[in-house]
Amino acid sequence: MHLHFIVHEDFEAPGAYEIWGQNNHCKITYSRVYLNDPLPSTVEEIDFLIVMGGPQSPDTTVEMCPHFNSLAEQAVIRKAIQANKVVLGVCLGSQLIGEALGAKFEHSPEREIGKFPIMLTEYGLKNSLFSHFGKMTEVGHWHNDMPGLTSDAKIIAFSAGCPRQIVEYSKLVYGLQCHMELMPEIIELLIQHSATELNQAHDYKFVNTREELRSHDYQEMNQNLFIFLDKLKDEYLKLR
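Calculation rules
Here the residue index of a chain counts from 1 through its sequence in written order. Reporting of local features is limited, given that this is a predicted model, to residues whose pLDDT is at least 70; pairs of side-chain atoms are given and counted only at 80 or more, and all residues count toward the totals for whole chains, interfaces and linings. Water and hydrogen atoms were dropped before computing side-chain values, which therefore reflect all heavy atoms in the structure. The secondary structure listing takes helices from DSSP runs of H or I that are at least 4 residues long and strands from runs of E that are at least 2 residues long, numbered from the N terminus. This radius of gyration counts C-alpha atoms alone. The globule rule is 2.2 Å times how many residues there are, raised to the power 0.38. Burial classification: accessible surface area is computed with a 1.4 Å probe over protein chains only, and a residue below 20% of its type maximum counts as buried, one above 50% as exposed, and the rest as partly exposed. Each accessible area is a Shrake-Rupley estimate made with a 1.4 Å probe; only the visible protein chains count as cover when residues are assessed. In this tally Asp and Glu are treated as negative and Lys and Arg as positive; neither His nor the chain ends contributes. To locate a charge, the coordinates of NZ of Lys, CZ of Arg, CG of Asp or CD of Glu are taken. DSSP calls a pair of strands paired once it identifies at least 2 bridges connecting them. The axes are straight lines fitted to the C-alpha atoms, using for helices just the contacting stretch, and the angles between their N-to-C directions are given from 0 to 180°. In what follows, a contact means two residues having at least one pair of non-hydrogen atoms within 4.5 Å.

Within an unreviewed UniProt entry, the label attached to the protein reads Type 1 glutamine amidotransferase, and the organism entered is Acinetobacter seifertii.

Enquirer: I'm lost on the overall build of the protein in this one. Help?
Expert: Of regular secondary structure, the protein possesses eight helices and nine strands. Over its C-alpha trace the protein gives a radius of gyration of 16 Å, about what one expects of a compact globule, namely 18 Å for 240 residues. By its C-alpha atoms, the protein is 50 × 45 × 35 Å across when sized along the principal axes. Looking at the 240 residues of the protein, the share that counts as buried comes to 57%. Carbon and sulfur atoms provide 50% of the accessible area of the protein, an area that totals close to 10,400 Å². Averaging the positions of the 20 positive and the 32 negative side-chain charges in the protein gives two centres separated by 7 Å.

Enquirer: Is there a simple way to think about the side chain of S57 in this case?
Expert: Checked against the element boundaries, S57 lands in the loop between β3 (48-51) and α2 (70-82). With relative accessibility at 16%, the residue S57 sits in the buried group.

Enquirer: Hey, could you run me through the sheet that holds strand β6 (residues 136-146) in this one?
Expert: Strand-to-strand pairing in sheets goes through backbone hydrogen bonds, with the strands running parallel or antiparallel. Strand order in the open sheet formed by nine strands is β2-β1-β3-β4-β9-β8-β7-β5-β6, and the pairing between neighbours is mixed. Since the sheet does not close on itself, it has two edges, and those belong to β2 (27-32) and β6, each with one partner. Direction aside, neighbouring strands of the sheet carry axes that sit 20° apart on average. Bridging between strand β7 (residues 154-159) and strand β8 (residues 166-170) involves three bridges; their strand directions are antiparallel. Paired with I155 across the bridge in β8 is V167. Along the sheet face, α2 touches β1 (2-7), β3, β4 (86-90) and β9 (173-176) and points at about 150° away from the line of β3. Strands β3, β4, β6, β8 and β9 of the sheet are contacted by helix α3 (residues 92-100), whose axis makes an angle of about 125° with β4.

Structure follows, in structure tokens:
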């Protein structure tokens, strides 16, 4: 299996996604665009395209952020979807999937930073890829926006602050607004780059303090992510 990550910033690292790939002896490659790595010119050798988060929005222009080319990333996403590859988007990545499919991202009703529960929809509860989540599970959050919905999209999970936490665009394409990949070392990097938001934590219903962020146990949600990825890999291999 070949995993390719598009990584927008060093503090939005692949975390548990990368660990899953290592544990499964996958070939892992990267487009670290903040280091000016090129995007993949072809997707034929890629099995999983995983597009990570970042402080940008899909409508951030190259003039605003020279290392981020939203339209170019959307083109790669479309290629991977058309080639029947697994495509996963995390936070910004989930919004880019929606945009690539013609669905405009939107602002979330609430800013969410920290660890809060998501609830599965009726459709989500029937989806075998998420059966191990139960009706509710706690995951990481670090966002202001949310992905757009195509006419075929189905919402798997929502939270009290955001109605689109996990979106199924097709059987191999999922947008996760939530951050199930978070680990203590990534939390520290995010804290360092989020001073303004965290200084305002008490002004928001769903923003943890630095102390709360550091106190959370992220292992259970990492394990839930691993199980989801195992199931998704099996689904992908069945279709090859």
